[in-house]
Amino acid sequence: MSDFLEYSFRIIGPKPETIGMSRLAVYMLELAKLMGATENVHFKELRDESVSIVAVADAELVAVISPRIREAAQNDNDADASSPWRKLNEYLAEDGWTAEMPLPKDGELISFPGATKASKPIRIVNQHTSVQGRLIRIEGAGDKIKVGLEIDGDLNARISIDSIHAISLAKLFHQFVRVSGDGKWRRDTAGKWFLDNLAATSFEALDDEPLADTLGKLREILPDEGGENLVKALSELRRA
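Residues numbered from 1 in each chain as written. Predicted model: local features only at pLDDT ≥ 70, side-chain atom pairs only at ≥ 80, totals over all residues. Heavy atoms only, no water.

### Brief notes about the environment of Ile11
Here is the rule: Here a helix means four or more residues in a row that DSSP labels H or I, a strand means two or more in a row labelled E, and each is numbered from the N terminus. Throughout, a contact is declared for two residues whenever any of their heavy atoms are within 4.5 Å.
Residue position: Ile11 is located in strand 1 (residues 4–12). Spatially, the C-alpha atom of Ile11 lies 6.1 Å from that of Thr98, the residues being 87 residues apart in sequence. Ignoring anything within four residues of it in the chain, the contact list for Ile11 reads Tyr27, Ser50, Val51, Leu92, Trp97, Thr98 and Ala99.

So this is what it looks like as structure tokens:
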């Protein structure tokens, strides 16, 4: 299963021997809807230590599935994902349970509050923001175009740009770019900040030259001793 990654939806409360099969099927159906990409998401197993519905997805789709689940949990803006998100929590509330799901790769834990009323974000801040990543999605019609950047293995699709800039930006498809504009940041009750959306007003192409080549150029520019010390410091930082 090396080409697949796991999503484990752990229901806190019941045991495999105490949950009815029909009720389990209801949870599995809404979980599949929440994850999307239904043709490429498969049931793997039901783990014994708890009612953990384990699904596997193609590794290449994790960059789409994880942000989709995170978006549903944080913002409830995506109509396609928000409906199963709400239904899963409604079912959990009816049963008096909660649930959690660690996302693959970074292990970020998504909580399904269920019977516990979800707390609303406690602060929103608007400020100039720049983000950078590989341009992997640009879509839409009208004056505002949706932009998707791959950042640390995840798809960030909370970015928009005007159609005039989008025409030029599209020429950098699958290249690394930096987009800047008016960002809306939201802080949740745990104190974690996340970018709610970014209305980009400018962009620039980034050089994706390998780090080793960049460090080699630094050696040529800086004095011998200073260059070696800087390269050593950067190398140590990269390994940290």
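Following the structure, the description resumes.
### Description of the nonpolar core
Note the threshold: Residues grouped as a nonpolar core are buried Ala, Val, Leu, Ile, Met, Phe, Trp, Tyr and Cys residues, joined through side-chain atoms within 4.5 Å. Think of it in three bands: with a 1.4 Å probe and only protein chains considered, a residue is buried below 20% of the maximum accessible area for its type, exposed above 50%, and partly exposed in between.
Residues Tyr7, Phe9, Tyr27, Ile69 and Phe112 are the most contacted members of the largest nonpolar core, which totals 30 residues. The set of elements that each furnish at least two residues to this core consists of strand 1, helix 1 (21–35), strand 3 (51–58), helix 2 (62–74), helix 3 (79–95), strand 4 (98–102) and strand 5 (109–112). Residues Leu135, Ile161, Leu172 and Ala200 belong to the second largest nonpolar core, which totals 15 residues.

### Quick look at the sheet that holds strand 4
Where we set the bar: The pairing criterion for strands is at least two bridges between them, as found by DSSP. Between N-to-C directions, angles cover 0 to 180 degrees, with each direction set by a line fitted to C-alpha atoms, over the stretch in contact for helices.
With antiparallel pairing, five strands are arranged side by side in an open sheet as 2-3-1-4-5. For this open sheet the edge positions go to strand 2 (41–47) and strand 5, each flanked by a neighbour on one side alone. Adjacent strand axes in the sheet meet at a mean angle of 20°, parallel and antiparallel pairs treated alike. In terms of strand pairing, strand 1 meets strand 3 through eight bridges, oriented antiparallel. Its bridge partner lying in strand 3, Tyr7 is registered against Ala55. Together, strand 1, strand 2, strand 3, strand 4 and strand 5 form the strand contacts of helix 2, whose direction differs from that of strand 1 by roughly 25°.

### Observations regarding the packing of aromatic side chains
Using the following cut-off: Within 6.5 Å between ring centres, the rings of Phe, Tyr and Trp (the latter by its six-membered ring) count as paired, and their orientation is classed by plane angle as stacked under 30 degrees, edge-to-face over 60, tilted in between.
On inspection of all chains with the given rule, the structure shows five aromatic pairs. Here Phe9 and Tyr27 contribute two aromatic rings whose centre-to-centre distance is 6.5 Å and whose plane-to-plane angle is 35°, an arrangement assigned as tilted. Placement of the pair is Phe9 in strand 1 and Tyr27 in helix 1, with a sequence separation of 18 residues. Residue Phe9 is classed as buried on the basis of its relative accessible area of 0%.

### A look at the pairing of strand 10 (residues 193–205)
Where strand 8 (residues 154–162) meets strand 10, three bridges bridge the pair, whose relative direction is parallel. Opposite Ile159, over in strand 10, you have Leu198 as the bridge partner. When strand 9 (residues 176–187) meets strand 10, the two strands line up antiparallel, connected through eleven bridges. Across the sheet, residue Arg186 finds its bridge partner in strand 10, namely Phe194.

### Structural notes on the packing of helix 1 against helix 2
For any two helices packed against each other, the geometry is given by the interaxial angle and the distance between the axes. How we decide: Working rule for angles: under 35 degrees goes down as roughly parallel, over 145 as roughly antiparallel, 65 to 115 as roughly perpendicular, anything else as oblique. Three residue categories are used. Nonpolar comprises Ala, Val, Leu, Ile, Met, Phe, Trp, Tyr, Cys and Pro, charged comprises Asp, Glu, Lys and Arg, and polar comprises the others, including Gly.
Contact pair helix 1 / helix 2: the axes reach a minimum separation of 8 Å and the direction vectors enclose 110°. Judged by the inter-axis angle, helix 1 sits roughly perpendicular to helix 2. Counted together, Lys33, Leu34 and Met35 of helix 1 and Ile65, Arg68, Ile69 and Ala72 of helix 2 form the full contact between these two elements. Here the residues of the contact of helix 1 with helix 2 are counted per class, giving five nonpolar, no polar and two charged.

### Observations concerning helix 1
Spacing of three or four residues puts side chains on the same side of an α-helix, whose turn is 3.6 residues. Stated precisely, the cut-off is as follows: The span expected for a helix works out to 1.5 Å for each residue beyond the first.
For helix 1, built from 15 residues, the straight-helix expectation of 21 Å at 1.5 Å per residue is met to within 8% by its first-to-last C-alpha distance of 21 Å. Phi turns positive one or two residues past the end of helix 1, at Gly36, with a value near 70°.

### A word on unusual backbone geometry
With a phi angle near 70°, His174 is a residue other than glycine that sits in the positive phi range. Classification of His174 by relative accessible area gives partly exposed; the value is 45%.

### Here we look at the environment of Ala166
Structurally, Ala166 is set in helix 4 (residues 163–169). Classification of Ala166 as buried rests on a relative accessible area of 6%. For the pair formed by Ala166 and Lys146, sequence separation is 20 residues and the distance between their alpha carbons is 8.9 Å. What Ala166 contacts, discounting residues up to four positions off in sequence, is Ile138, Ile145 and Ile161.

Purely geometric numbers; function is a separate question.
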